[in-house]
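Next come the chains, spelled out residue by residue.
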Amino acid sequence: MNQDMPFLPEAEARDEQEAIGAASFILSLRAKGIRDTALLRAMELVPREVFAPRRFTDLARTDVALPLPCGQTMTGPATVAAMLLSLGVQPGQRVLEVGTGSGYVTALLARLGADVTSVERFNTLAESAAQHLKIVDAGKIRLEVGDGLAARVRDRFDRILLNGACPEIPETVTSLLGPGSRLVGAVAIEGVPHLVRIERNTEGELAQSVGAALRISPLVTGIAATL
């Protein structure tokens, strides 16, 4: 036996590999221009592999989108980071997330200190997300099954995140923005999704800005009847 090669128990070796993988993951995000310390820390601490389908856990710490049940997609980490960076969540803010999916972005929002209400149209995905969020002890989160783009009565949020691209952002959602609040999502421009940010100023007026192209799936409206 080579005396220069220390023996590591299997659990320690696995932990070391996970630490190396997490560090490489964060470095890859920094290389793509994500430098916000709180966001990078959240993405380091929330294990994407817990939320990824089991057969794709080896790809969880890479910048690729992953397929989910019900024909949905787990958005790639760089796109998630860009959207969360634009959203600018602060601790204690009320956040509405439309499209829970696997629950990964939900966990990131909670890790950033948000009070999260997340709405998923597929019951199967909502149930799976709830289990994932229990594993990581994500914090203060309310999960709902329904149409996240439908009208809500009396609700107002500091931040709204749409996890998908829309032809346009519906008024049913922008009406939930109070003064000083912000919505981030994506709109399709000539068939290509682009980051969109909508802010309501203190006078109640809305301002929209469109950013870079994103790799993100369409956001489907309505409640899924059977899934």
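One numbering rule holds for all chains: residues counted from 1, following each sequence as written. Predicted model: local features are reported for residues with pLDDT of at least 70 only, side-chain atom pairs are reported and counted for 80 or more only, and whole-chain, interface and lining totals are derived from all residues. Hydrogens and water molecules were not included; the side-chain quantities draw on all heavy atoms of the structure.

A.B. asks: Give me the pairing of strand β8 (residues 192-200): which residues, what numbers.
C.D. replies: Here, any two strands with at least 2 DSSP bridges between them count as paired. Put simply, DSSP marks the helices as runs of H or I at least four residues long and the strands as runs of E at least two long, and each gets a number from the N terminus on. As paired elements, strand β7 (residues 177-189) and β8 share eight bridges and run antiparallel to each other. The partner of alanine 186 across the bridge, within β8, is leucine 195. A loop of two residues connects β7 with β8, the two strands running antiparallel in sequence, and glutamate 190 in this loop sits at a positive phi of about 50 degrees. In the sheet, β8 pairs with strand β9 (residues 206-213) via six bridges, with the strands oriented antiparallel. In the strand pairing of β9, arginine 197 is matched with serine 209. Remark: five residues form the turn of the hairpin made by β8 and β9, two consecutive strands paired antiparallel; glycine 204 in that turn has positive phi of roughly 90 degrees.

A.B. asks: Could you give me a rundown of helix α4 (residues 77-87), with the residues and numbers involved?
C.D. replies: For the α-helix, the turn length of 3.6 residues means that residues three or four positions removed from each other point alike. Within α4, nine of the 11 residues are buried, which leaves the element mostly enclosed by the surrounding structure. Turning to α4, its buried residues are Pro77, Ala78, Thr79, Val80, Ala81, Met83, Leu84, Ser86 and Leu87. Positioned one or two residues after α4, glycine 88 has a phi angle of 60 degrees, which is positive. Relative accessibility decides the category of a residue: with a 1.4 Å probe and only protein chains considered, values under 20% of the type maximum give buried, values over 50% give exposed, and everything between is partly exposed.

A.B. asks: With reference to specific residues and values, describe the nonpolar core.
C.D. replies: Residues grouped as a nonpolar core are buried Ala, Val, Leu, Ile, Met, Phe, Trp, Tyr and Cys residues, joined through side-chain atoms within 4.5 Å. Grouped together as the largest cluster of nonpolar side chains are 46 residues, with contacts concentrated most on Met43, Leu84, Tyr104 and Leu109. Counting only elements with at least two residues in this core, the list comes to α1 (10-31), α2 (37-45), α4, α5 (104-111), α6 (123-136), β6 (157-166) and β7. Here, residues are in contact when the closest pair of their heavy atoms is within 4.5 Å. Ignoring any residue separated from it by four or fewer positions in sequence, one finds methionine 43 in contact with Phe25, Ile26, Leu29, Arg61, Pro77, Ala81, Tyr104 and Leu108. Among the nonpolar cores identified, the runner-up in size contains 17 residues, and Leu149, Leu176, Val187 and Leu219 belong to it.

A.B. asks: So what about empty space enclosed by the protein? Which residues, and what values?
C.D. replies: Empty space among the atoms can be located by rolling a probe the size of a water molecule over them. Detection works on a 1 Å grid of protein atoms alone, calling trapped sets that fit a 1.4 Å probe cavities and calling open sets with protein on both sides within 12 Å along at least five of seven lines pockets, with lining residues defined by an atom within 4 Å of a point. Grid points are joined across faces, edges and corners, and a volume is the space filled by probe spheres set on the points. Per the stated rule, a full pass over the model turns up two cavities of 30 Å³ or more. Within this model, the largest cavity holds a volume of roughly 360 Å³. Listed by contribution, the elements that provide at least two residues to the lining of the largest cavity are β2 (73-74), α5, β4 (115-120) and β6. Three categories are distinguished: nonpolar for Ala, Val, Leu, Ile, Met, Phe, Trp, Tyr, Cys and Pro, charged for Asp, Glu, Lys and Arg, and polar for the others, with Gly belonging to the last. Of the residues belonging to the lining of the largest cavity, the class tally is 13 nonpolar, 14 polar and three charged. Taken as a whole, the second largest cavity encloses approximately 30 Å³ of empty space.

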